[in-house]
Amino acid sequence: METMSAGGIRHGWCHNEPMANSVNPALPPLDPLTLDEAMAAALEQGALAALAGDVPVGAVVLDEQGRLIGAGRNLRERDGDPLAHAEVEAMRAAARTRGDWNLEGCTLVVTLEPCPMCAGACLQTRIGRIVFGAWDAKLGACGSVWDLPRDPHVGHEPQVFGGVREEECARVLTDFFRTRRA
Ligand SMILES: [Zn+2]
């Protein structure tokens, strides 16, 4: 098992390198540069969410070649939809693009660690890889509070990699809540 880091968050949960996956051959290696650019696109989605008064969380989905095939942002306030999280929106968009619900060769890139609902959605889509920016010590379900992708009851184990552009992703959220309180 992993060791606990400062703050009690299991950063060691990022047990897989994002570059290769021997467990899922459908999942190709992805260049760190590609992931960096994808996170930039996810951050842009988050900025759009904030314009509508929504908590700035954004997500994109990359296909096997690293092409962006879906994007989404938190739409809870805008649409009055409690389930309209960025990850769900992005994976729905990706499935529409492919004409296939199965996203096993794809990578979800999201600015914040997925919540239990979104981690569950990742299992439903069989997404191959989850990459996130900031850790969520309150509601994170990819290693912080729960370990849904690695739950032994689940037959599918996506590769998980957290902390990509972590400070930037966390700062966007901190700034948003600070502005709202002011
Ligand atoms: Zn969520």
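Residues numbered from 1 in each chain as written. Predicted model: local features only at pLDDT ≥ 70, side-chain atom pairs only at ≥ 80, totals over all residues.

Q: Hey, could you run me through the packing of helix H3 (residues 86–98) against helix H4 (residues 116–125) in this one?
A: A pair of packed helices is characterised by two quantities: the angle between their axes and the separation of those axes. Running from N to C, H3 and H4 point in directions that differ by 15°, and their axes come no closer than 9 Å. As the angle between them shows, H3 and H4 are arranged roughly parallel. In this structure, H3 meets H4 at a crossing whose hand is left-handed. Judged by residue contacts, Glu87, Val88, Met91 and Ala95 of H3 engage Cys118, Ala121 and Thr125 from H4. Considering only residue class, the contact of H3 with H4 consists of 5 nonpolar, 1 polar and 1 charged. (Axes fitted to C-alpha atoms, helices over the stretch in contact; angles between N-to-C directions. Helix = DSSP H or I, 4+ residues; strand = E, 2+ residues; numbered from the N terminus. Parallel < 35°, antiparallel > 145°, perpendicular 65-115°, else oblique. Left-handed = near helix turned anticlockwise from the far one by under 90°. Contact = placed C-beta atoms within 7 Å. Nonpolar A, V, L, I, M, F, W, Y, C, P; charged D, E, K, R; others polar.)

Q: Where do I start with the nonpolar core in this structure?
A: The tendency in soluble globular proteins is for nonpolar side chains to be buried side by side. Grouped together as the largest cluster of nonpolar side chains are 44 residues, with contacts concentrated most on Val60, Val61, Ala90, Met91, Leu108, Val109 and Val110. Examining the composition of this core, we find that 7 residues originate from one element, helix H1 (residues 32–51), more than from any other. Other than its neighbours up to four places away in sequence, Met91 contacts Val61, Gly70, Leu103, Leu108, Ala121, Thr125 and Ile127. (Core = buried A, V, L, I, M, F, W, Y, C linked by C-beta atoms within 7 Å. Buried ≥ 20, exposed ≤ 12 C-beta atoms within 10 Å, placed from the backbone.)

Q: Explain the sheet that holds strand E1 (residues 58–62) here, please?
A: Either a parallel or an antiparallel arrangement is found when strands of a sheet pair, and the pairing is made through backbone hydrogen bonds. The 5 strands are arranged E2-E1-E3-E4-E5 in an open sheet whose pairing can be described as mixed. Sheet topology places strand E2 (68–73) and strand E5 (159–162) at the edges, where each strand pairs with a single neighbour. Recorded for the sheet is a direction-independent mean angle of 15° between the axes of neighbouring strands. Alignment of E1 against E2, held across 5 bridges, turns out to be antiparallel. Counted as the bridge partner of Val61 is Gly70 from E2. Sheet contacts for H3: E1, E2 and strand E3 (107–112); angle to E2, the most-contacted strand, approximately 150°. (Pairing = 2+ DSSP bridges.)

Q: Would you mind showing me how to read the pairing of strand E4 (residues 129–134) here?
A: Most of E4 is tucked away, with 6 of its 6 residues classed as buried. Across 5 bridges, E3 lies against E4 in parallel orientation. Of the residues in E4, the one forming a bridge with Leu112 is Ala134. Taking the sense of rotation as the criterion, the β-α-β connection linking E3, H4 and E4 turns out right-handed. Relative to E5, E4 is paired through 4 bridges, and the arrangement is parallel. Its bridge partner being in E5, Arg129 is matched across the sheet by Gln159. (Right-handed = clockwise from strand over helix to strand, strands pointing away.)

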